[in-house]
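Examination of the molecular architecture
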Number of protein chains: 2
Amino acid sequence: MASLKLNDIPPDIVIGRLPLYLRALTRLKQEGNDVTSSHELGRHLGISSAQIRKDLSHFGGFGKQGTGYQIEYLVAKLEQVLQVDREWLVIVVGAGNLGSAIAHYRGFADRGFRIAWLVDASAEKIGQKVGDLSVHPISDMQTIIRQNGVKVAMLAVPAEHAQSVADQLIDAGIRAILNYAPITIKVPDNVKVQYIDPVVHLQTMTYFLRSED
Amino acid sequence: MASLKLNDIPPDIVIGRLPLYLRALTRLKQEGNDVTSSHELGRHLGISSAQIRKDLSHFGGFGKQGTGYQIEYLVAKLEQVLQVDREWLVIVVGAGNLGSAIAHYRGFADRGFRIAWLVDASAEKIGQKVGDLSVHPISDMQTIIRQNGVKVAMLAVPAEHAQSVADQLIDAGIRAILNYAPITIKVPDNVKVQYIDPVVHLQTMTYFLRSED
DNA sequence: ACGCATTTGTGAAATAGTTCTCTGGTTTTT
DNA sequence: AAAAACCAGAGAACTATTTCACAAATGCGT
């Protein structure tokens with residue numbers, strides 16, 4: 001297979017920046033650019049050029065001295081590194097306002113993810129149409145995951161149900177959970193979790209809202 | 001004023017964890033606990049106890065040897081540090097699926113924020129009811145911000161409009177922007193920005209979805 | 001009253017991450 | 001054709017962050 005050349009073990013924090021590089025590069029491409037440099041990319045992202053070069057160097061030499069990076073090539077490489085050079089099927093748990101908004105969002109498709117199922121616990125939601133999807137009962141959740149080999153889930157249920165739903169997801173084979181519930185969940189080492197809690201971001205910012213300028 | 005005792009300048013990364021501590025503490029309180037320890041809190045959050053003690057020590061000694069932390073007291077202190085011991089008025093820009101989901105979400109109120117206005121650029125949305133709010137025209141945005149001294153905004157517009165809307169927000173007095181658009185925006189030093197892009201989180205996780213376990 | 005188990009806060013040590021600086025190669029300008 | 005401007009990659013230096021380890025304080029059980 002020899003899928004990916006690692007010059008050493010890249011720190012997690014580096015992995016977390018790669019999607020940002022990918023996003024910025026895609027935009028630069030859309031704007032008509034064919035090549036870019038660590039300096040230009042850094043300017044777009046508010047990151048030092050040295051950091052970008054160092055980050056990329058963990059995965060191989062993608063650039064050319066004097067020229068910079070061929071955007072198309074670098075995008076392909078980063079997609080390969082992040083394994084989004086394929087399509088991941090995603091199941092969304094919770095068809096409330098948030099789950100529905102996720103199901104409607106058009107921004108997943110061209111970045112490696114297809115929202116393929118939406119499940120909910122409440123009887124009155126079952127069968128309802130949300131965008132292209134119809135809401136499935138949560139009792140079918142594990143079957144859907146197992147039969148389709150789903151590995152990625154988004155969790156948009158109330159905090160009090162997040163842990164038990166996560167347990168069921170993992171039991172059925174889910175290995176990556178994007179958790180919108182404002183609570184830390186416990187998962188085994190072989191499962192990844194990321195969190196989205198807008199209030200955490202807001203509270204981080206209000207800390208700095210002291211000075212009068 | 002002498003509002004906050006700082007033993008030294010706390011790193012930004014520490015500030016980013018305080019909302020997580022606050023969230024976990026609030027939950028512990030709800031579950032009927034009155035005191036906790038750095039060890040217990042760390043277990044809930046998947047963080048070492050030493051880190052929690054070190055983080056808190058930047059703002060003063062909130063605990064008691066042998067006993068731990070009085071949750072109510074620590075919550076009050078953290079709210080004070082983060083300045084969420086008051087209510088921040090928030091304006092949401094963009095009344096699409098995402099903006100609407102934000103406007104409906106009940107989780108802001110008890111954590112320091114009140115979603116008070118929802119504005120949108122498209123004529124057909126103006127006047128529509130979204131939860132308790134009605135959609136205002138984006139032409140009123142700066143007036144709303146100025147007249148009410150709004151400092152915090154959430155940005156839920158398409159990527160191509162994010163920068164220009166941000167510029168207008170900042171011009172009107174906004175000092176903290178939570179940006180849901182998948183693009184990095186440029187802001188002056190005295191403005192804080194945080195980003196929420198679910199795809200970035202998903203792509204970070206798929207990197208690790210290599211091994212078969 | 002005393003010993004033992006707990007627990008904080010903290011300086012020191014250990015890790016981790018970022019920036020600097022230079023080498024070698026490329027492109028553009030004159 | 002030479003000079004000047006660019007640029008990636010990488011080791012070294014530097015800075016930041018986390019963990020360790022321990023003194024001092026508290027509460028509990030006997």
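The notes below deal with the structure included here. In this text the structure is predicted, and so the values were computed from the model without any measurement.

Considerations on the protein's contact with DNA strand D
- As a matter of local geometry, DNA strand D sits amid 25 residues, with Ser38, Gly61 and Tyr69 of chain A together with Arg17 and Gln65 of chain B nearest to it.
- Here the atoms of DNA strand D within 4 Å of the protein split so that 65% fall in sugar or phosphate, with bases taking the remainder.
- With respect to DNA strand D, the side chain of Ser38 of chain A contributes an N or O atom lying 2.7 Å from a phosphate oxygen.
- Contacts to DNA strand D include Gly63 of chain A, whose backbone N or O atom sits 3.0 Å from a phosphate oxygen.
- Of all elements in the fold, only helix H3 (49–57), strand S2 (63–64) and strand S3 (68–70) of chain A together with helix H1 (12–30) and helix H3 (49–57) of chain B reach the threshold of two or more residues within the surface near DNA strand D.
- Residues belonging to the surface near DNA strand D are distributed by class as follows: four nonpolar, 14 polar and seven charged.

Observations regarding the pattern of salt bridges
- For the coordinates displayed, the defined rule picks out 16 salt bridges over all chains.
- In this structure, the salt-bridge partner of Asp85 of chain A is Arg86 of chain A, at a minimum N-O distance of 3.2 Å.
- Classification of Asp85 of chain A by relative accessible area gives partly exposed; the value is 44%.
- Residue Arg86 of chain A is classed as partly exposed on the basis of its relative accessible area of 39%.
- The salt bridge partner of Arg146 of chain A is Asp171 of chain A, with a shortest N-O separation of 3.3 Å. Note that Arg146 of chain A is positioned in helix H6 (residues 141–148) and Asp171 of chain A in helix H7 (residues 159–172), a separation of 25 residues in sequence.
- Overall, the relative accessible area of 52% leaves Asp171 of chain A in the exposed class.
- In the salt-bridge network here, residues are joined through shared partners; they are Arg23 and Arg111 of chain A together with Asp197 of chain B.

Some thoughts on the interface of chain A and chain B
- With 64 residues of chain A in contact, the opposing surface of chain B contributes 64 residues.
- Between chain A and chain B, a total of about 6,000 Å² is buried, with carbon and sulfur atoms accounting for 64% of that surface.
- Where chain A meets chain B, there are four salt bridges.
- Residues Arg23 of chain B and Asp197 of chain A are paired through a salt bridge, measuring 2.9 Å at the closest nitrogen-oxygen approach.
- Counting across the interface, chain A meets chain B through 14 residue pairs in polar contact (both at pLDDT 80 or more).
- Looking at the side of chain A that touches chain B residue by residue, the class counts come to 38 nonpolar, 14 polar and twelve charged.

Concerning the sheet that holds strand S1 (residues 35–36) of chain A
Residues and elements named next belong to chain A.
- Read across the sheet, three strands follow the order S1-S3-S2 without closing on themselves; strand pairing throughout is antiparallel. In this open sheet, the two strands that pair with only one neighbour each are S1 and S2.
- Note: S2 against S3, two bridges, orientation antiparallel. Bridging across to S3, Lys64 finds its partner in Gly68.

A look at unusual backbone geometry
Residue and element names in this part refer to chain A.
- Non-glycine residue Gln83 carries a positive phi angle of around 65°.
- Within the fold, Gln83 resides in the loop between helix H4 (71–82) and strand S4 (88–93).
- The buried category is assigned to Gln83, whose relative accessible area is 8%.

Here is what the cut-offs are and how they apply
Residues numbered from 1 in each chain as written. Chains lettered and ligands numbered in written order. Predicted model: local features only at pLDDT ≥ 70, side-chain atom pairs only at ≥ 80, totals over all residues. Heavy atoms only, no water. Near = heavy atom within 4 Å. Polar contact = N/O pair within 3.5 Å; in protein donor to acceptor, adjacent residues only side chain to side chain. Helix = DSSP H or I, 4+ residues; strand = E, 2+ residues; numbered from the N terminus. Nonpolar A, V, L, I, M, F, W, Y, C, P; charged D, E, K, R; others polar. Salt bridge = Lys/Arg side-chain N within 4 Å of Asp/Glu carboxyl O. Buried < 20%, exposed > 50% of the residue type's maximum accessible area, 1.4 Å probe, protein only. Contact = heavy atoms within 4.5 Å. Buried area = accessible area lost by both parts, 1.4 Å probe. Pairing = 2+ DSSP bridges.

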